Amino acid sequence: MSDDQWNPRCAIPDNLVTPVRVDPTGVRGPTKAQAAGPHFRQTSWGLHVPSDVDEGIVEQRILEQGQRIRSLGAVTGWAALRWHGVRYCDGRAAHGGAPRPVPLVVGRHPLQPDPRVAIGNAQVAQTERLYRRGIWITTVQRALFDELRFMSSLREAVVVLDMAAAARVISVKLFTQYVELRPAWTGVPFVREVVALASDHSRSPQESRMYLVWVLDAGLDPPLCNVPVFDRRGKLLGYPDLLDPVSGTIGEYDGADHKARDRRRSDITREQRFRDHGLEYFTVVEGDLPDRDRVVRRMQAACARARFLPADQTLWTLTPPPGWRPREEPLDVHLVRTGEAPFLVRT
């Protein structure tokens, strides 16, 4: 498997096919007879693509349904987030289920019902939509807001926000500012719960789910996520998925990408390096998280073994050595530097 699939951010493919209207000449689109034949399929009323175009590609499906929006409205929710580059928003129900309809927000300009789309009638301001790569989409903050406020699972909603931050398209702080401007909207109390549990520093959905078991089920204080840990000479020990700095407990999630022999060898070496510096350690592997009770016992047992040493007595530290350069700049700093932050908080 390519390492790219684990990157929280993704790009829009270059080989997407934009639907076209029937053209009596057959130059700019299929003729009426061709459109009715086996070599084309209808994507929405009056629009067609060749039948061999793969609608299983999530961006192709978004592009096709986004053509329903003309002068008003936009693609929103998970589909707009995917168009903004959030890999985790793949248009599937939880755990790889059936494709979800593409959400559209159209205000007072209703569209004909179609099972391929989910139509919302909320208003969308001109400042909350933009035209990108052939379709109208909502801004990152509006797309995220529309996605979260109608979700039924608190944990999965936290995962969505975490993965938007992991893709570096919005931060928890900036999104919180946006939510505060919409106190009367449907779903806001739920979104506030999501924000309170979210992090800018999770790197995968399973890391986020493990974090939530730690906090919600084990009842432990919120840990740090993916922070650099050093020895007392300033040498980097690693970036643990979870770290409780009070007890000195580390938690790691080992998914499918950890099964390869070389990766497993590296993981064992890394674990020993942490243990040699007085850090306690537990691992959650693929398939463990549905059994929350078992994971909680593992977490609590690791904390019970931990040393709880004062910060000045540990063999490890969170203080970087002089001249240390982090692997990436803080998310809010990045958004300001790239010019995204002012746009994100605009109403």
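Refer to the structure above for everything that follows.
Observations regarding the packing of aromatic side chains
Here is step 1 of the chain: Counting across every chain of the model gives 7 aromatic pairs.
Here is step 2 of the chain: Joined through ring pairs, the aromatic side chains of Phe-145, Phe-175, Tyr-178 and Trp-185 make up one cluster.
Here is step 3 of the chain: In this structure, Arg-182 packs its charged tip against the face of Trp-185, placed 5.8 Å from the ring centre.
Here is step 4 of the chain: Above the ring of Tyr-239, the side-chain terminus of Arg-327 is found at 3.6 Å from the ring centroid.

Description of the sheet that holds strand E13 (residues 280-285)
Here is step 1 of the chain: Strand order in this open sheet of 4 strands is E8-E11-E12-E13, and the pairing throughout is mixed. At either margin of the open sheet sits one strand with a lone partner, and together these are strand E8 (224-225) and E13.
Here is step 2 of the chain: Each of E8, strand E11 (242-244), strand E12 (249-254) and E13 touches helix H8 (residues 205-217); the most contacted strand, E12, lies at about 140 degrees to it.

So, helix H6 (residues 172-180)
Here is step 1 of the chain: Among the residues of H6, Val-172, Leu-174, Phe-175, Tyr-178 and Val-179 are the ones counted as buried. What you see down the axis of H6 is that its buried residues fit within an arc of 160 degrees, all on one side. In H6, the exposed residues that point more than 90 degrees away from the buried face are Lys-173 and Glu-180.

A closer look at the sheet that holds strand E14 (residues 316-317)
Here is step 1 of the chain: Ordered in space as E10-E9-E14, the 3 strands form an open sheet in which the pairing is antiparallel. The open sheet terminates on both sides in strands that have one partner only, identified here as strand E10 (236-238) and E14.

Remarks on the environment of Pro-24
Here is step 1 of the chain: Structurally, the position occupied by Pro-24 is in the segment before helix H1 (32-35).
Here is step 2 of the chain: Residue class for Pro-24 comes out exposed when judged on its relative accessible area of 76%.
Here is step 3 of the chain: Taking the C-alpha atoms as reference, Pro-24 lies 70 Å from Pro-322; in sequence the two are 298 residues apart.

Considering the packing of H8 against helix H10 (residues 292-305)
In a packed pair of helices, the relevant descriptors are the angle between the two axes and the axis-to-axis distance.
Here is step 1 of the chain: For the pair H8 and H10, the least separation of the axes is 10 Å and the interaxial angle reads 75 degrees. What the angle tells us is that H8 and H10 run roughly perpendicular. Facing H8, whose interface residues are Met-210, Val-213, Trp-214 and Asp-217, H10 presents Arg-292, Val-295, Val-296, Met-299 and Cys-303.
Here is step 2 of the chain: Considered class by class, the residues forming the contact of H8 with H10 number 7 nonpolar, no polar and 2 charged.

A word on the nonpolar core
Here is step 1 of the chain: One finds Val-75, Leu-144, Leu-148, Leu-161 and Phe-175 to be the most contacted residues of the largest nonpolar core, which totals 71 residues.
Here is step 2 of the chain: For this core, the element with the highest residue contribution is helix H5 (residues 154-166), accounting for 9 residues.
Here is step 3 of the chain: The residues contacting Phe-175, other than those within four sequence positions of it, are Gln-141, Leu-144, Phe-145, Leu-148, Leu-161, Ile-170, Val-191 and Val-195.
Here is step 4 of the chain: In terms of nonpolar packing, the next biggest core, distinct from the first, is built from 9 residues, Leu-243, Ile-250, Tyr-281 and Trp-316 among them.

With respect to H10
Here is step 1 of the chain: Its 14 residues give H10 an end-to-end C-alpha distance of 20 Å, which sits within 8% of 20 Å, the value for a rise of 1.5 Å per residue.
Here is step 2 of the chain: Burial in H10 covers these residues: Val-295, Val-296, Met-299, Ala-302 and Cys-303. When H10 is viewed along its axis, its buried side chains cluster within an angular range of 130 degrees and face the same direction. Summarising the geometry of H10, the exposed residues directed more than 90 degrees from the buried face are Asp-293, Arg-297 and Ala-304.
Here is step 3 of the chain: On the buried face of H10, the contacting elements are H8, E12 and E13.

Each value, and the rule that gives it
- Residues numbered from 1 in each chain as written.
- Predicted model: local features only at pLDDT ≥ 70, side-chain atom pairs only at ≥ 80, totals over all residues.
- Heavy atoms only, no water.
- Phe/Tyr/Trp six-rings, centres within 6.5 Å; stacked < 30°, edge-to-face > 60°.
- Lys NZ or Arg CZ within 6 Å of the ring centre and 35° of its normal.
- Pairing = 2+ DSSP bridges.
- Helix = DSSP H or I, 4+ residues; strand = E, 2+ residues; numbered from the N terminus.
- Contact = heavy atoms within 4.5 Å.
- Axes fitted to C-alpha atoms, helices over the stretch in contact; angles between N-to-C directions.
- Buried < 20%, exposed > 50% of the residue type's maximum accessible area, 1.4 Å probe, protein only.
- Arc of directions from axis to C-beta.
- Parallel < 35°, antiparallel > 145°, perpendicular 65-115°, else oblique.
- Nonpolar A, V, L, I, M, F, W, Y, C, P; charged D, E, K, R; others polar.
- Core = buried A, V, L, I, M, F, W, Y, C linked by side-chain atoms within 4.5 Å.
- Expected span 1.5 Å × (residues − 1).

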